[in-house]
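Below, each chain spelled out in residue letters.
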Amino acid sequence: MSKLEKHAPIFLNNTESKLYPCLKEDMEVEFAIIGGGLGGITLAYLLKHMGKRVAVFEANQIGMGTSLRTTAKLTIQHGLIYDKLMHTKSPGKAKQYADANRKAIEFVKETISKEQIECDFMNMPSYIYTADEKYIKAIQDEAEACKRLGIEVNYKDQIPLPIKVKAALEWEGAALFNPKKYISSLAEKFTADGGCIFEETPITRLVPGEVSVLETDKGCKVSARRIVIASHYPMYDGLGLYFTRLNMQRIYVLGLKVDKEKLPKGSFISVDSPIRSIRPIYEQDIVLIGGGHHRVGDDQYEATHFEELKQFGKEVFNSDEVYSQWSLQDYVTPDSVPYIGYLNSSKYHNIYVATGFNKWGMSNATNAALVLKDLLLMGTSPFEDLFNPQRVSAYKGKTFINHNIEGIKNYMQGKLRTVPKDTLPDKGEAIVAELEDGNVYGIYQDEEEHYHIVDIICPHVGARLRWNSAEKSWDCPFHGSRFNIDGEVLEGPSTHKLNGYKEGKNKIHPNLI
Ligand SMILES: Cc1cc2nc3c(=O)[nH]c(=O)nc-3n(C[C@H](O)[C@H](O)[C@H](O)COP(=O)(O)OP(=O)(O)OC[C@H]3O[C@@H](n4cnc5c(N)ncnc54)[C@H](O)[C@@H]3O)c2cc1C
């Protein structure tokens, strides 16, 4: 096994990726899916199975977005979700959430078996735990909620990890897999069945209509009767105001080499502060440790998160052999329930969205594909009210208000930050500086002493980007777009790169209407 580069996600290891062509001419299709992550590819597979004409348009390569950088636990234990949903929604809605996610996990298991997909699948219980007295009550309340909802969890005071826990809940129906291998296999079945995938084909514009038109960065046009936006953060807002009600959380993951006998028999998430997420990868003698959540662009000390995870790994697994490390972001909704359904039901009845998976998108993106398949083909789903993107609770509550205050604060701070003049960054560092044309740029000096200069006004809605020292990227504190040192898009919602020095100011493309 060759050692991966420092920031490469482990699920890329030992995988082969079939490459798909880029779209080079205009085309027509019945169902167009924007985004080839777990959600988009699962839906494509399902629709093709029903004999539909489907095409997937992927900005980069399929299965290489968040669905690659995840920890990939398949569980319905999404933190302390059931007690929360019982109280903030209703027992009926909480039960539906469990049912929808259980159904999604069953679908993954059945599909792997039916299609004989080799993706390192293992049935393995999941645990939520606390090592802190003050969270025992929260675990007990969650146990009580699960009991009332008929969710079979076992209350434990020990877990298969060398951590002294105060309380834990075990769910035996959970599993682990390699999402990259799974997505690649589903994509191959889909294309073998006549489906089309276009890679390196970012959709930069959506013009809604009875037949909507998508435009690619190369100017090709795609006409489609139904559009599904599965681009993680919706690349088009359609006046659904998603930018006000999706909070982006960045999380750090460490792949630690451990002795075989230390690989734990389960996947784990703590409810303590800081949260720790753990899963083994048996095929590679590696444990993934996740943690360090914060808003994108909102943390000046990204590099320290990896150090804290390393320290935790040393304490629990007695290893400091870091095999690989990376970070990623996911989108969180105010009521902890994803947005799956019509993008904006009062305006368009043929544009759908799947987003806001609250860091549980392995089951929730699969769940989204199942719900959308029903909505697209039958016009209804038993879960459509629960996941309705326009539900009132998606606009209410403390989280929604906090998110917007934080966003505006970050936007203003970015705009107002003092700009140093006549200074240049040291090697491996970046600064924000005003240059002779009077514009403000981000300047990074690489190890070969080359300077990389980009306009750091985000082309999405115009917030000023912040430097992420851990990953050497320019990150937007408003909606989470990320760019590399040369301004190429690493993560959306922005669909446009940053201009370099003398290339003129970035144009703003909010894709709202
Ligand atoms: C640290 C961390 C750990 C996690 N662990 C778990 C876990 O253990 N279990 C779990 O259930 N969930 C987990 N999640 C959540 C889960 O990984 C994500 O919710 C899920 O992968 C999202 O899938 P997706 O298909 O929506 O997005 P993606 O996989 O990101 O796919 C979206 C695709 O759309 C493409 N795209 C974007 N814009 C455009 C455009 N304009 N045109 C064309 N294509 C475009 C992107 O390139 C990308 O390939 C975790 C999340 C984080 C952050």
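Residues numbered from 1 in each chain as written. Predicted model: local features only at pLDDT ≥ 70, side-chain atom pairs only at ≥ 80, totals over all residues. Heavy atoms only, no water.

By the naming in an unreviewed UniProt entry, the protein is FAD dependent oxidoreductase, taken from Cellulosilyticum lentocellum.

Visitor: Mind showing me how you'd approach the site of the ligand here?
Guide: Close contacts around the ligand come from 36 residues, with Glu 58, Ser 67, Thr 71, Lys 73 and Met 362 the closest. Between the ligand and Ile 203, the relevant distance is 3.0 Å, taken from a nitrogen atom to a main-chain nitrogen or oxygen of the residue. Asp 330 is positioned such that a nitrogen or oxygen atom in its side chain is 3.0 Å from an oxygen atom of the ligand. When residues of the shell around the ligand are traced back to their parent elements, those giving at least two are helix 1 (38–49), helix 2 (66–69), strand 13 (247–257), strand 17 (322–332) and helix 8 (361–378). Taken together, the residues of the shell around the ligand sort by class into 15 nonpolar, 17 polar and four charged. When residues of the shell around the ligand are sorted by domain, at least three fall in each of domain 1 (21–70 + 179–244 + 336–400) and domain 2 (253–331). (Near = heavy atom within 4 Å. Polar contact = N/O pair within 3.5 Å; in protein donor to acceptor, adjacent residues only side chain to side chain. Helix = DSSP H or I, 4+ residues; strand = E, 2+ residues; numbered from the N terminus. Nonpolar A, V, L, I, M, F, W, Y, C, P; charged D, E, K, R; others polar. Domains from an automatic or database assignment.)

Visitor: Help me understand the state of the cysteines, please; the structure alone is not making it clear to me.
Guide: Each disulfide consists of a covalent bond between the sulfur atoms of two cysteine residues. The tally for this structure, following the rule as stated, stands at zero disulfides. Unpaired in this structure, Cys 196 has its nearest cysteine sulfur neighbour in Cys 22, at a distance of 13 Å. Given the relative accessible area of 29%, Cys 196 is considered partly exposed. (Disulfide = S-S within 2.5 Å. Buried < 20%, exposed > 50% of the residue type's maximum accessible area, 1.4 Å probe, protein only.)

Visitor: It is not clear to me how the sheet that holds strand 24 (residues 473–475) should be interpreted in this structure. Could you clarify?
Guide: The strands that make up a sheet pair up through hydrogen bonds in the backbone, lying either parallel or antiparallel. Judged by pairing direction, the sheet is antiparallel, and its four strands sit side by side in the order 23-24-25-26 without closing on themselves. Strands at the two margins of the open sheet, each flanked by one partner only, are strand 23 (466–468) and strand 26 (489–491). Here strand 25 (residues 482–483) pairs with strand 26 via two bridges, running antiparallel. Considered in strand 26, the bridge of Phe 483 is made with Val 489. (Pairing = 2+ DSSP bridges.)

Visitor: Can you help me understand the side chain of Ser 336 in this one?
Guide: Here Ser 336 is to be found in the loop between strand 17 and strand 18 (339–342). Looking at Ser 336, the relative accessible area reads 14%, which means it is buried. A polar contact is formed between the side chain of Ser 336 and the side chain of Lys 84, at a distance of 2.6 Å. The residues touching Ser 336, leaving out its near neighbours within four places in the chain, are Ile 81, Lys 84, Tyr 97 and Asn 358. (Contact = heavy atoms within 4.5 Å.)

Visitor: Just checking my understanding: could you explain the packing of helix 1 against helix 6 (residues 179–192) for this structure?
Guide: Two quantities define a packed helix pair, namely the angle between the helix axes and the distance between the axes. At a minimum axis separation of 9 Å, helix 1 and helix 6 run at an interaxial angle of 30 degrees. Classed by the angle they form, the pair helix 1 and helix 6 counts as roughly parallel. For the pair helix 1 and helix 6, the sense of crossing is left-handed. In this structure, helix 1 contributes Leu 38, Ile 41, Thr 42, Ala 44, Tyr 45 and Lys 48 to the contact, and helix 6 contributes Tyr 182, Ile 183, Leu 186, Ala 187, Lys 189 and Phe 190. (Axes fitted to C-alpha atoms, helices over the stretch in contact; angles between N-to-C directions. Parallel < 35°, antiparallel > 145°, perpendicular 65-115°, else oblique. Left-handed = near helix turned anticlockwise from the far one by under 90°.)

Visitor: Sorry, what's going on with unusual backbone geometry here?
Guide: Residues other than glycine predominantly adopt negative phi, and peptide bonds predominantly adopt the trans conformation. Cis geometry marks the peptide bond from Ser 273 to Pro 274, where omega comes out at 0 degrees. Here Pro 274 is to be found in the loop between strand 14 (267–270) and strand 15 (277–281). With omega at 20 degrees, the peptide bond leading from Gly 492 into Pro 493 counts as cis. Following the sequence through the fold, Pro 493 ends up in the segment after strand 26. Its identity is not glycine, yet Gln 116 carries a phi of approximately 50 degrees, on the positive side. Looking at the secondary structure, you find Gln 116 in the loop between helix 4 (91–114) and strand 4 (122–123). Gln 116 sits in the exposed class, given a relative accessible area of 68%. In this structure, Leu 241 is a non-glycine residue whose phi angle is positive, near 55 degrees.

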